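Residue-level structural notes
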Number of protein chains: 2
Amino acid sequence: MDAVTRIERALAAALALAEGPGCPPRLAQAMQHAVFPRGARVRPRLCLAVAGACGDDAPALSEAAAAAIELLHCASLVHDDLPCFDDAATRRGRPSVHRAHGEPLAVLAGDALIVLAFQILARAAPAAPARLAPLLLTIGDSVGVPRGIVAGQGWESEPRCDLAEYQREKTGSLFAAATAAGAAAAGADAATWRRLGDRLGEAYQVADDIRDAIEDEAAMGKPAGQDAAHARPSAVLELGLSGAIAHLEDLAAEAVAAIPPCPGGGELRAVILSETRRLLPRKLDVSAA
Amino acid sequence: MDAVTRIERALAAALALAEGPGCPPRLAQAMQHAVFPRGARVRPRLCLAVAGACGDDAPALSEAAAAAIELLHCASLVHDDLPCFDDAATRRGRPSVHRAHGEPLAVLAGDALIVLAFQILARAAPAAPARLAPLLLTIGDSVGVPRGIVAGQGWESEPRCDLAEYQREKTGSLFAAATAAGAAAAGADAATWRRLGDRLGEAYQVADDIRDAIEDEAAMGKPAGQDAAHARPSAVLELGLSGAIAHLEDLAAEAVAAIPPCPGGGELRAVILSETRRLLPRKLDVSAA
């Protein structure tokens, strides 16, 4: 079964659990809206790719880890879109969750998705019980504080903010969780796999800054020009467009160099190269010409 | 060491972890505001009381469970107070988190506290590794969907709502988590301990409805009359004041009868009786006359 099928099946099973008897129907709809139809699923695909490179001998656990990471990502998008943050009207080409379902259900859908991530990890634990604690630590520390995506978002409320720290926490941390959790789910040493995710996360954030600066809303599926509009930290605002592109290329090279020795290293290297090539907007991708 | 000291120490350790290098200072302040100074700590005291009655042979784990439950309770208060829900100006006699720190940091503080609960459970796992998964399931299912406190809050966005279901999810579920998690942390069967917490949670919710109806803001430390103002489900609105009081007394009796056989059952029974007596507002407590 290919990775995308495994991920969608795991996410559907998670949402089915959430929608069991007792769940308010409108909250269930808001959660569905947040998770389906699918986005790029970049982080869970990365998680399964790393698990595969490490042998993936407990696939129920690696699938739960991949789905948990995507649920946490979706939760962060729902909360980031709220009126008190970006006040985004659209996401993935559709109304944002709070525009479609109201602000109370958007707050609750985000909360429920965060908890659901941990519920599904606990349910998958019998596949390899001793791996649950390191997996939880890897994912929890990458989402919460002091260094997870919630901390990263918190820097937007500070008078001063270091761009590298902000991006490492807000985006890099969940990419680092994806690679480290993929390794942990397969019984490998999570710590040695963080750097790959960290570099990919920074590359992804720089690419997002570039798209925000040069693309329009139709191409992005969400409002463009938000960094400048909200005076937010951005690689393009800091380095200029060509500087940001050069930085992105350096990060992609560092990512590939950071793959630890593992049984499936060659295949993983090919996946990483293909993924990083897709990050640049088409109008800038010289290799696509 | 008494229960309150153990709880405050565990919560302080959790917040110290959260405030490590990399945490935005204002987010750390908002989290502190949400957790300290202490409220009644009803749920974590209940958790430790049950753990004690079951032998409490892994105190690091029962303390983590108690602290996790309180962090999740504090997170739910912060989010429930937001402008899109109760828009509460005060909580525990002080400004609510969003009034003191702004709405973005209130959303993020709630998110961070939810994740922190799971981070501290994972860190305490070495005390009794095989108990982590059941503990996580017990707590996660009681907080999220389909039957946890987030689901309970979600019923406020539905056109129709069953009062008993609403209260069981919104309040009872975290009380049931407190008793079941206390048992799970001590290696006992969590499931047999849920009914005690469930009855206590419903009693607590009914007592809250009674206080909301008859007390003023100064006595409650938060705005009074909110149920009627927001047309929310309430035992007083449904049963009348005397009906609600009779219901509360029935629930307290059912709670005491629900204590499973355990080494410290006698002491636990005394604690439960003392706690439930404190639930009624003083002006209604005939035994205090």
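Residues numbered from 1 in each chain as written. Chains lettered and ligands numbered in written order. Predicted model: local features only at pLDDT ≥ 70, side-chain atom pairs only at ≥ 80, totals over all residues. Heavy atoms only, no water.

Regarding the packing of helix 7 (residues 132–143) of chain A against helix 7 (residues 132–143) of chain B
Where helix 7 of chain A contacts helix 7 of chain B, the two axes come as close as 10 Å, and the packing angle between them is 45 degrees. By the angle between their axes, helix 7 of chain A is oblique relative to helix 7 of chain B. Contact with helix 7 of chain A, carried on its side by Leu132, Ala133 and Leu136 of chain A, involves Leu132, Ala133 and Leu136 of chain B of helix 7 of chain B and no other residues of that element. In the contact of helix 7 of chain A with helix 7 of chain B, the residues fall into six nonpolar, no polar and no charged. (Axes fitted to C-alpha atoms, helices over the stretch in contact; angles between N-to-C directions. Helix = DSSP H or I, 4+ residues; strand = E, 2+ residues; numbered from the N terminus. Parallel < 35°, antiparallel > 145°, perpendicular 65-115°, else oblique. Contact = heavy atoms within 4.5 Å. Nonpolar A, V, L, I, M, F, W, Y, C, P; charged D, E, K, R; others polar.)

Observations concerning the relation of the copies chain A and chain B
Mapping between the two chain copies consists of a rotation about an axis together with a translation along that axis. Superposing chain A onto chain B takes a rotation of 180 degrees plus a shift of 0.0 Å along the axis, which leaves an RMSD of 0.0 Å. Such values leave the two copies arranged in the relation of a two-fold axis. By C-alpha distance to the rotation axis, the residue of chain A lying nearest is Asp111 of chain A, at 3.4 Å. The fraction of interface residues of chain A whose copies in chain B are also interface residues reaches 100%, indicating that both copies meet through the same surface. (Least-squares fit on C-alpha atoms with pLDDT ≥ 70 in both.)

Regarding helix 3 (residues 42–53) of chain A
Residue and element names in this part refer to chain A. Helix length check: helix 3, at twelve residues, gives a terminal C-alpha distance of 17 Å against a target of 16 Å (1.5 Å per residue), a fit within 8%. Most of helix 3 is tucked away: eleven of the twelve residues are buried. At the C-terminal side of helix 3, Gly55 shows a positive phi close to 105 degrees. (Expected span 1.5 Å × (residues − 1). Buried < 20%, exposed > 50% of the residue type's maximum accessible area, 1.4 Å probe, protein only.)

Considering the pattern of salt bridges
Residues and elements named next belong to chain A. For the structure shown, the criterion picks out 43 salt bridges over all chains. Among the salt bridges present, the one from Arg147 reaches Glu169, with a minimum N-O distance of 4.0 Å. Pair noted here: Arg147 is in the loop between helix 7 and helix 8 (149–154) and Glu169 is in helix 9 (residues 163–185), with a separation of 22 residues, a long-range link. Taking the relative accessible area as the measure of exposure, Arg147 reaches 41% and is therefore partly exposed. (Salt bridge = Lys/Arg side-chain N within 4 Å of Asp/Glu carboxyl O.)

Thoughts on the interface of chain A and chain B
The partner chain B presents 50 residues to the 50 residues of chain A that form the contact. Taken together, both faces of the contact between chain A and chain B bury some 4,300 Å²; the carbon and sulfur share is 71%. Our count for the contact surface shared by chain A and chain B stands at two salt bridges. The shortest N-O distance in the salt bridge between Arg123 of chain B and Asp141 of chain A comes to 2.8 Å. The tally of links between chain A and chain B comes to 18 residue pairs in polar contact (both at pLDDT 80 or more). Broken down by secondary-structure element, the contributors of at least two residues to the side of chain A that touches chain B are helix 1 (3–18), helix 2 (25–35), helix 6 (103–124), helix 7, helix 8 and helix 9 of chain A. Per element, the largest residue contribution to the side of chain A that touches chain B is 13 residues, and it comes from helix 6 of chain A. Tallied by class, residues from the side of chain A that touches chain B come to 32 nonpolar, nine polar and nine charged. (Buried area = accessible area lost by both parts, 1.4 Å probe. Polar contact = N/O pair within 3.5 Å; in protein donor to acceptor, adjacent residues only side chain to side chain.)

Thoughts on the state of the cysteines
One pass over the full model with this rule turns up zero disulfides over all chains. Cysteine Cys84 of chain B shares no disulfide, and the gap to the nearest cysteine sulfur, in Cys84 of chain A, comes to 8.7 Å. (Disulfide = S-S within 2.5 Å.)

Things to note about unusual backbone geometry
Residue and element names in this part refer to chain A. Along the chain, Phe36 connects to Pro37 via a cis peptide bond; the corresponding omega equals -10 degrees. You can see Pro37 is positioned in the loop between helix 2 and helix 3. Notably, Asp56 is not glycine yet its phi reads approximately 45 degrees, a positive angle. Residue placement: Asp56 occurs in the loop between helix 3 and helix 4 (59–80). One non-glycine residue with positive phi stands out, namely Arg92, at about 55 degrees. Note on placement: Arg92 falls in the loop between strand 1 (90–91) and strand 2 (94–95). Residue classification places Arg92 among the partly exposed residues on the basis of a relative accessible area of 28%.

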